[in-house]
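Chain and residue survey
The lines below spell out each chain.
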Amino acid sequence: MAVYLFCKSCKSTYGLKLRECPKCGTPTAARDKVYRVSVMVNGKRVTRTVPNSIDRAREIEAKLKVELVSDEYYDRREKIPTFAEAWESYSTLHKTGKSWKQDKSRYETTLKDRIGKKPLDQISPMDVHRLISDMKNATTKRKAAYSPKSIKNTHELMSRIFNHAINVMSCKAENPCSKAKPKRSISEVTNLLDEEKLRSLLNTLDRHEDRPTANIVKLLLFTGMRRGEAFSLTWQRVDLKSKWIYLDDPKSGEPEKIPLNEPAYLVLKDQERFRPEKTDLVFPNRKDGKRTDIKRPWAKIKKDAGLPAAFRLHDLRHQYASMLAASGEVDLYTIQKLLRHRSPTMTQRYAHLVDEARKRGTRTLEKIILDAQTGEDEIKSQTGGIA
């Protein structure tokens, strides 16, 4: 039985005479200390957290001891759900969401065994920091390193579950994710096709026997659309006359529209030839339902075009943006609007390509000046040095 100091940072306890938490190094507060009372009788341990008063903590310690010895103790506190219980409640409301499968996988592979059994009020910012650190040093089931985006998505899921518990389940706990966040990491896009590979892909698509699938790939490349947006696209939301595509349920959650350039316009005109009567989907599957993937035909297209096996369907979106950035004619703000990024931070991954285009512009001026100087030297040589 004892009264300890309680560390707010890492949720651990330590001796009353120590000047800092031995676990995380947080200095002991001069005022507003928090104490942890721990009483154990006949194998049953009861703990309480008491703010500010050491005398009050000792009173509670004595009272708990009497109740436990006389078998009159009962828990007066409101039960705090575990993280697993909060997940179960959260998942019942979000099973129909777009990212449900990914969220379920992240919970089961990363969060369940680690913090599933912990009550929410016992999960500290330090626990979140450790999770982020461990993911950086761990590998997935496929023996690949966790990407910064994967770590960010796991952190966001954890935060959403806490917010659900606080706002929906009326749980009296703080969200530790708000005090422990992964560092932002915007990496440059490197998985791109050079001019030769791009030409090979376009030629392969022109010859591909499955025209609707080839048209999907072309539309992704020519517009920067996301795969799911193309699969959900209906003819009702395509305005070929004004050359706009309207998206009702994009990733941002708000209605958006995409301008059609000439290559994209021709793709949709070609796709009109395959328009079925039973559905309004632009790219339905063989049963006139909504597609969920094109893994097999995409793998064959990549093989026939000689593309790297690691080149993903989503990389077509990066290819689209990178071609615009490298052209030197489109600024980052316009690229952000075309990709429909809510934050300009995401578009920064293409900044190095814009910089290279600017350098090419400078080299153009160098050539003009050099040509002018060369012409002046020729005039001087022909006139005996008189310009």
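Just so it is clear, the model here is predicted, and its values are computed rather than measured.

Here we look at the overall build of the protein
Within the protein, the regular secondary structure consists of 14 helices and seven strands. Sorting the 387 residues of the protein into buried and exposed places 39% on the buried side. Contacts in the protein between residues at least 24 apart in sequence constitute 57% of all its contacts with a sequence separation of at least 6. A total accessible area of about 24,200 Å² is found for the protein, and carbon and sulfur atoms account for 50% of it.

Considering the pattern of salt bridges
Following the criterion strictly, the structure yields 21 salt bridges and no others. Glu272 serves as the salt-bridge partner of Lys269, at 3.5 Å between the closest nitrogen and oxygen. Classification of Lys269 as partly exposed rests on a relative accessible area of 36%. Classification of Glu272 by relative accessible area gives partly exposed; the value is 32%. Salt bridges here are not isolated pairs; linked through shared partners, they connect Arg226, Glu229, Glu256 and Arg340.

A few points about the sheet that holds strand 1 (residues 2-6)
Strand order in this open sheet of four strands is 2-1-3-4, and the pairing throughout is antiparallel. The two strands at the open ends of the sheet, each matched to only one other strand, are strand 2 (13-14) and strand 4 (44-51). Taken together, the two bridges between strand 1 and strand 2 define a ladder with antiparallel strand orientation. Counted as the bridge partner of Phe6 is Thr13 from strand 2. Lying over the sheet, helix 1 (residues 54-69) contacts strand 1, strand 3 (34-41) and strand 4, oriented at roughly 15 degrees with respect to strand 3.

Describing the sheet that holds strand 6 (residues 244-247)
Taken in spatial order, the three strands make up an open sheet running 5-6-7, and their pairing is antiparallel. Two strands in the sheet have a free side with no partner beyond their single neighbour: strand 5 (238-239) and strand 7 (256-259). In this structure, strand 6 lies alongside strand 7, joined through four bridges in antiparallel fashion. Residue pairing across strands places Trp244 opposite Pro259, the latter belonging to strand 7.

Description of the packing of aromatic side chains
Under the definition given, this model contains six aromatic pairs. Relative to Trp100, the ring of Trp87 lies with its centre 5.6 Å away and its plane at 5 degrees, an arrangement referred to as stacked. You can see Trp87 sitting in helix 2 (residues 83-94) and its partner Trp100 sitting in helix 3 (residues 100-115), a full 13 residues away along the chain. Note on Trp100: relative accessible area 17%, which makes it buried. Between Trp87 and Tyr107, the ring centres sit 4.5 Å apart and the planes meet at 10 degrees, which makes this aromatic pair stacked. Placement of Trp87 in helix 2 and of Tyr107 in helix 3 is noted, with a sequence separation of 20 residues between them. No difference in accessibility class separates Trp87 from Tyr107, as the two residues are buried. Chaining the aromatic ring pairs together yields one cluster made of Phe83, Trp87, Tyr90, Trp100, Tyr107 and Phe162. It is Lys243 that lies over the ring of Tyr265; its NZ or CZ is 4.7 Å from the centre.

A short note on the nonpolar core
Met225, Leu268, Trp298 and Leu316 are the most contacted members of the largest nonpolar core, which has 36 residues in total. At the level of secondary structure, the elements contributing two or more residues to this core comprise helix 6 (195-207), helix 7 (211-223), helix 8 (227-232), strand 6, helix 9 (262-271) and helix 10 (295-305). Top element by residues in this core is helix 7. It accounts for seven residues. Those residues in contact with Leu316, other than ones at most four positions away along the chain, are Leu201, Val217, Leu220, Leu221, Trp298 and Phe311.

Here's the deal with helix 12 (residues 332-339)
What helix 12 keeps buried is the set Ile335, Gln336, Leu338 and Leu339. Each buried residue of helix 12 sits inside an arc of 165 degrees when the element is viewed along its axis, so together they form one side. Among the structural elements, strand 7, helix 11 (315-327) and helix 13 (344-347) are those in contact with the buried residues of helix 12. N-capping of helix 12 is provided by Asp331, with a side-chain oxygen placed 3.1 Å from the backbone N of Tyr333.

Thresholds, definitions, all that
Residues numbered from 1 in each chain as written. Predicted model: local features only at pLDDT ≥ 70, side-chain atom pairs only at ≥ 80, totals over all residues. Heavy atoms only, no water. Helix = DSSP H or I, 4+ residues; strand = E, 2+ residues; numbered from the N terminus. Buried < 20%, exposed > 50% of the residue type's maximum accessible area, 1.4 Å probe, protein only. Contact = heavy atoms within 4.5 Å. Areas by Shrake-Rupley, 256 points an atom, 1.4 Å probe, with all protein chains shown as cover. Salt bridge = Lys/Arg side-chain N within 4 Å of Asp/Glu carboxyl O. Pairing = 2+ DSSP bridges. Axes fitted to C-alpha atoms, helices over the stretch in contact; angles between N-to-C directions. Phe/Tyr/Trp six-rings, centres within 6.5 Å; stacked < 30°, edge-to-face > 60°. Lys NZ or Arg CZ within 6 Å of the ring centre and 35° of its normal. Core = buried A, V, L, I, M, F, W, Y, C linked by side-chain atoms within 4.5 Å. Arc of directions from axis to C-beta. Polar contact = N/O pair within 3.5 Å; in protein donor to acceptor, adjacent residues only side chain to side chain.

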